[in-house]
Protein chains: 2
Amino acid sequence: MRISELSQTSGVPTATIKYYLREGLLHEGELTSATQAQYDDSHLSRLALIRALVGAGGLSLAATRRVLDQLDRTDLGIHQLLGVTQDAILADEEPVDTTDAAELVADLGWTSYPQAPPLRRLAKALTALEASGLEVPRATILAHAQAMADVAERDVADIPTVSRPAAVRHVILGSILLEPVLLALRQLAHIDASARRFTEE
Amino acid sequence: MRISELSQTSGVPTATIKYYLREGLLHEGELTSATQAQYDDSHLSRLALIRALVGAGGLSLAATRRVLDQLDRTDLGIHQLLGVTQDAILADEEPVDTTDAAELVADLGWTSYPQAPPLRRLAKALTALEASGLEVPRATILAHAQAMADVAERDVADIPTVSRPAAVRHVILGSILLEPVLLALRQLAHIDASARRFTEE
């Protein structure tokens, strides 16, 4: 298909597609004349991925590029791929002291590694919590960790192993796009739990 | 204390404090002369709240103002308060079709109400998921909802009922500041679950 049709089918404006091509986020089409190129389903699929990362995922263009760079790697197992994806997404975060976060993860008995990017994310989140003066019982944090372990167990079980590209795609999109789903579900569950605790029929 | 000490103790620059005062986010101190005012613990506490909402919470100044406006209301029960807090945080989101999201919540048997702000958030998140082409089994979404119900149950049980301001503060801060904690925990749990599924000892 030509670029106009690629734009129509994907819903991405032609100018944006040209920008992604210039920036190397999207691979070039096949030249059919000096001024025209043909695009195919691989372009549609890559465009959907870029839109998911930049749009719903809220990733910067730099982070998106880092994540997409992982897509074409064939030297990593799925487990390593998850790690480099997290690295790519969270690389913008500045270094922080992760001692408390690492201790919490150790208490949970989870496999981890020093300077894992989500350790930095957790450390920052726990620091903000403490700075706010909000008192959250340790038991609550541990219970929340257990709930997220249930979530992660199922996320990982859902990763298809039929083909490597399918697995990669699932890891990247699932990591990012289920975050807003989970947060919305928590807020909706708050309404339900609060109705049961604080209102009488 | 004087503004310089308020700045030192809170870690918020004097210029930022003056900005919050001008914008009405922070209440005025008690004037002790034509050019000096005294501040107290109530200012420290409010500053910590503003920093938590704007900084860690990533709220816009407009959303922060809407949330803070709820703090001083005495006409609402805790359950209503949770609703108006969610409204205040999510009011920037544009209207979307919430039919599918509402159906999911009904399937879960959760109490909700039409146009609840998190329904819009869930609807947007589900739409992005679908647009990405990622296939997430319905059973996974339902299991994730159950995990978030466990989280919400405990969040709501933690709300102190000793005093109304304490409850309000807990609802607002807990809603917002536990979000990044949960997302970081999910990513750390991914590392653990993926290590168990995809690597051999």
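We now turn to the structure provided with this report. All of these numbers come straight from a predicted model, not from anything done at the bench.

### A word on the overall build of chain A
Helices and strands together make up the secondary structure of chain A, namely nine helices and two strands. Secondary structure elements in chain A, listed N-terminal to C-terminal, are α-α-β-β-α-α-α-α-α-α-α. The C-alpha atoms of chain A give a radius of gyration of 21 Å, which is well past the 17 Å a tight globule of 201 residues would have. With the C-alpha coordinates aligned to their principal axes, the bounding extent of chain A is approximately 65 × 50 × 35 Å. Looking at the 201 residues of chain A, the share that counts as buried comes to 48%. Long-range contacts, defined as pairs at least 24 residues apart, comprise 57% of the intrachain contacts of chain A with a sequence gap of at least 6. Counting only carbon and sulfur atoms, one obtains 51% of the accessible surface of chain A, whose full area is about 9400 Å². One way to put it: in chain A the 18 positive side-chain charges average out to a point 6 Å from where the 27 negative ones average out.

### Side note on the packing of helix H1 (residues 3-10) of chain B against helix H2 (residues 14-23) of chain B
All names here are of chain B. Following both chains from N to C, one finds H1 and H2 inclined at 110°, their axes separated by 9 Å at the closest point. In terms of orientation, H1 and H2 fall into the roughly perpendicular class. Residue-level contacts link Ile 3, Leu 6, Ser 7 and Ser 10 of H1 to Thr 14, Ile 17, Lys 18 and Leu 21 of H2. Partitioned by chemical class, the residues of the contact of H1 with H2 number four nonpolar, three polar and one charged.

### Describing the interface of chain A and chain B
Many authors give the size of an interface as the accessible area that is lost as the parts come together. Contacts between the two partners involve 77 residues from chain A and, on the opposite side, 76 residues from chain B. For the pairing of chain A and chain B, the buried interface totals around 7300 Å² over both sides, and the portion due to carbon and sulfur atoms is 71%. Where chain A meets chain B, there are four salt bridges. A salt bridge links Asp 155 of chain B to Arg 186 of chain A; the shortest N-O distance between them is 2.8 Å. Counting every contact that joins chain A to chain B gives 32 residue pairs in polar contact (both at pLDDT 80 or more). Among the elements of the structure, helix H3 (41-56), helix H5 (78-90), helix H6 (99-108), helix H7 (117-132), helix H8 (138-157) and helix H9 (164-198) of chain A are those that each provide at least two residues to the side of chain A that touches chain B. If one sorts the elements of the side of chain A that touches chain B by residue count, H9 of chain A sits on top with 27 residues. The class makeup of the residues in the side of chain A that touches chain B is 49 nonpolar, 16 polar and twelve charged.

### Comments concerning H8 of chain A
Compared with the 28 Å implied by 1.5 Å per residue over 20 residues, the 29 Å span of H8 of chain A between its first and last C-alpha is a close match. Listed as buried for H8 of chain A are Thr 140, Ile 141, His 144, Ala 145, Ala 147, Met 148, Ala 149, Val 151, Ala 152, Asp 155 and Val 156 of chain A. Summarising the contacts, the buried residues of H8 of chain A are in contact with H6, H7 and H9 of chain A together with helix H8 (138-158) and helix H9 (164-198) of chain B.

### Here we look at the layout of surface pockets
Each pocket or cavity is described by its volume, and for the largest pocket that value is around 1500 Å³. Residues that form the lining of the largest pocket fall into these classes: 24 nonpolar, 15 polar and eleven charged.

### Points about the side chain of His 79 of chain A
Within the secondary structure layout, His 79 of chain A lies in helix H5. A relative accessible area of 18% means that His 79 of chain A is categorised as buried. There is a polar contact of 2.4 Å between the side chain of His 79 of chain A and the side chain of Ser 194 of chain B.

### Quick notes on the environment of Gln 86 of chain A
Residue position: Gln 86 of chain A is located in helix H5. Considered as a pair, Gln 86 of chain A and Ile 172 of chain A are 86 residues apart in the sequence and their alpha carbons are 8.7 Å apart. Sequence-distant contacts of Gln 86 of chain A, defined by excluding residues within four places in its chain, comprise Pro 117 and Pro 118 of chain A together with Gln 187, His 190 and Ile 191 of chain B.

### A short note on the pattern of salt bridges
With the rule as written, the count across this model stands at twelve salt bridges over all chains. Arg 138 of chain A serves as the salt-bridge partner of Asp 107 of chain A, at 2.7 Å between the closest nitrogen and oxygen. With a gap of 31 residues between them, Asp 107 of chain A in helix H6 and Arg 138 of chain A in helix H8 connect regions that are remote in the sequence. Residues participating in the shared-partner salt-bridge network are Glu 153 of chain A together with Asp 192 and Arg 196 of chain B.

### Looking at the relation of the copies chain A and chain B
For the pair chain A and chain B, the superposition axis carries a translation of 0.0 Å, the fit reaches an RMSD of 0.0 Å, and the rotation angle comes to 180°. Taken together, the rotation and translation describe the operation of a two-fold axis. By C-alpha distance to the rotation axis, the residue of chain A lying nearest is Ala 147 of chain A, at 2.6 Å. Comparing contact sets, 99% of the residues at the interface of chain A also lie at the interface in chain B, consistent with an isologous, same-surface contact.

### Quick look at the nonpolar core
Leu 122 of chain A together with Leu 122 of chain B are the most contacted members of the largest nonpolar core, which totals 132 residues. Leaving out residues up to four positions away in the same chain, Leu 122 of chain A has contacts with Ala 101, Leu 104 and Val 105 of chain A together with Val 181, Ala 184, Leu 185 and Leu 188 of chain B.

### A word on H9 of chain B
Here H9 of chain B is 35 residues long and its end C-alpha atoms lie 49 Å apart, about the 51 Å a rise of 1.5 Å per residue gives. Of all bends in H9 of chain B, the biggest is about 35°, found at Leu 178 of chain B, and the proline Pro 180 of chain B comes one to four residues later.

Here is what the cut-offs are and how they apply
- Residues numbered from 1 in each chain as written.
- Chains lettered and ligands numbered in written order.
- Predicted model: local features only at pLDDT ≥ 70, side-chain atom pairs only at ≥ 80, totals over all residues.
- Heavy atoms only, no water.
- Helix = DSSP H or I, 4+ residues; strand = E, 2+ residues; numbered from the N terminus.
- Rg over C-alpha atoms; globule rule 2.2 N^0.38 Å.
- Buried < 20%, exposed > 50% of the residue type's maximum accessible area, 1.4 Å probe, protein only.
- Contact = heavy atoms within 4.5 Å.
- Areas by Shrake-Rupley, 256 points an atom, 1.4 Å probe, with all protein chains shown as cover.
- Lys, Arg positive; Asp, Glu negative; His and termini not counted.
- Charge placed at Lys NZ, Arg CZ, Asp CG, Glu CD.
- Axes fitted to C-alpha atoms, helices over the stretch in contact; angles between N-to-C directions.
- Parallel < 35°, antiparallel > 145°, perpendicular 65-115°, else oblique.
- Nonpolar A, V, L, I, M, F, W, Y, C, P; charged D, E, K, R; others polar.
- Buried area = accessible area lost by both parts, 1.4 Å probe.
- Salt bridge = Lys/Arg side-chain N within 4 Å of Asp/Glu carboxyl O.
- Polar contact = N/O pair within 3.5 Å; in protein donor to acceptor, adjacent residues only side chain to side chain.
- Expected span 1.5 Å × (residues − 1).
- 1 Å grid on protein atoms, 1.4 Å probe; cavity = no way out; pocket = protein on both sides within 12 Å on 5 of 7 lines; lining within 4 Å.
- Points joined across faces, edges and corners; volume = space filled by probe spheres on them.
- Least-squares fit on C-alpha atoms with pLDDT ≥ 70 in both.
- Core = buried A, V, L, I, M, F, W, Y, C linked by side-chain atoms within 4.5 Å.
- Bend = angle between axes of the 7 residues up to and from the residue.

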